[in-house]
Amino acid sequence: IRVVLEDVRSGRMLADDGEPFTDLIHIGMGGSALGAQLLVDALGPCPGGLDVHFVDNADPDGIARLLIRLGERIRHVMVVVVSKSGETVETSIALDLVARSIAARGLEFSGRAIAITGAGSPLDQRASLEGWSHRFPLWEWVGGRTSVTSAAGLLTSALAGMDVEAFLDGARSMDDWTRSNDW
């Protein structure tokens, strides 16, 4: 996550036209979006962060409205796709709609796409085959609604400009405190 964040902030990872990314589309259903949505809604927008848009259902009209609202900014959009199993139908539909819209503008999708999924899942295989910019593991033992402290919540939050190190420090402190019998 630190590497991606530094690549985006330093300009090593840029959009097709050599300009910085300005927006991020986070595609995930249920727990694959809820943690990141909570952090972005509660703590954002942050100075210097990307403008984050969530696609958390497969409604083609809602996705179309987002893409219309983005307009020419789509040229500078990163896409994070989260699915633990890598085979959630709604995630696949939303991904295909966004990827087709980007490709229809003559833009390359794979260099702006990041997968967060189980190793070897269909999404992981697709990301590998298509040469997506990054792939992060989402282990089977990570629960959807508690995945906020995994790459599923942290990557999008970091790209939105949040201090995820401080967030993890706070989570660690609360974990220690709530496991103590002496409060």
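Residues numbered from 1 in each chain as written. Predicted model: local features only at pLDDT ≥ 70, side-chain atom pairs only at ≥ 80, totals over all residues. Heavy atoms only, no water.

**Remarks on helix α5 (residues 122–130)**
Step number 1: Considered for burial, the residues of α5 that qualify are L123, D124 and A127. Buried residues of α5, viewed axially, fall in a sector of 100 degrees; they line one side.
Step number 2: Residues of α5 that are buried make contact with β3 (77–83), α4 (89–104), β4 (113–117) and β5 (134–137).
Step number 3: Backbone geometry just downstream of α5 places G131 in the positive-phi region, at approximately 70 degrees. (Buried < 20%, exposed > 50% of the residue type's maximum accessible area, 1.4 Å probe, protein only. Helix = DSSP H or I, 4+ residues; strand = E, 2+ residues; numbered from the N terminus. Arc of directions from axis to C-beta. Contact = heavy atoms within 4.5 Å.)

**Here's the deal with a nonpolar patch on the surface**
Step number 1: Taken together, M174, W177 and W183 make up a surface patch of nonpolar side chains, about 400 Å² in accessible area.
Step number 2: Here W177 shows up in helix α7 (residues 164–178). (Patch = residues over 30% accessible without salt bridge, like charges linked within 9 Å, V, L, I, M, F, W, Y side chains within 5 Å. Areas by Shrake-Rupley, 256 points an atom, 1.4 Å probe, with all protein chains shown as cover. Salt bridge = Lys/Arg side-chain N within 4 Å of Asp/Glu carboxyl O.)

**Quick look at the confidence of the model for the protein**
Step number 1: In the predicted model, the protein carries a mean pLDDT of 94, and 99% of its residues have values of at least 70.
Step number 2: Per-element mean pLDDT across the protein ranges from 92 in helix α2 (residues 31–43) up to 98 in strand β1 (residues 23–27). (pLDDT = per-residue confidence, 0-100.)

**Section: the sheet that holds β1**
Step number 1: Strand order in the open sheet formed by five strands is β2-β1-β3-β4-β5, with parallel pairing between adjacent strands. Where the open sheet ends on each side, the last strands, each with one partner, are β2 (51–55) and β5. In this sheet, neighbouring strand axes are inclined to one another by 20 degrees on average, regardless of whether the strands run parallel or antiparallel.
Step number 2: Across four bridges, the pairing between β4 and β5 is parallel. Looking at β5, one finds that I116 is bridged to F136.
Step number 3: Contacting β1, β2 and β3, α4 runs over the sheet at an angle of about 165 degrees to β3. (Pairing = 2+ DSSP bridges. Axes fitted to C-alpha atoms, helices over the stretch in contact; angles between N-to-C directions.)

**Quick notes on the packing of aromatic side chains**
Step number 1: Applying the stated rule across the entire model yields two aromatic pairs.
Step number 2: Ring centres of F109 and W132 lie 5.6 Å apart, and the angle between their planes is 80 degrees; this geometry places the pair in the edge-to-face category. Taken together, the positions of F109 in the loop between α4 and β4 and W132 in the loop between α5 and β5 put the pair 23 residues apart, joining distant regions of the chain. In terms of burial, F109 and W132 fall into one category: buried. (Phe/Tyr/Trp six-rings, centres within 6.5 Å; stacked < 30°, edge-to-face > 60°.)

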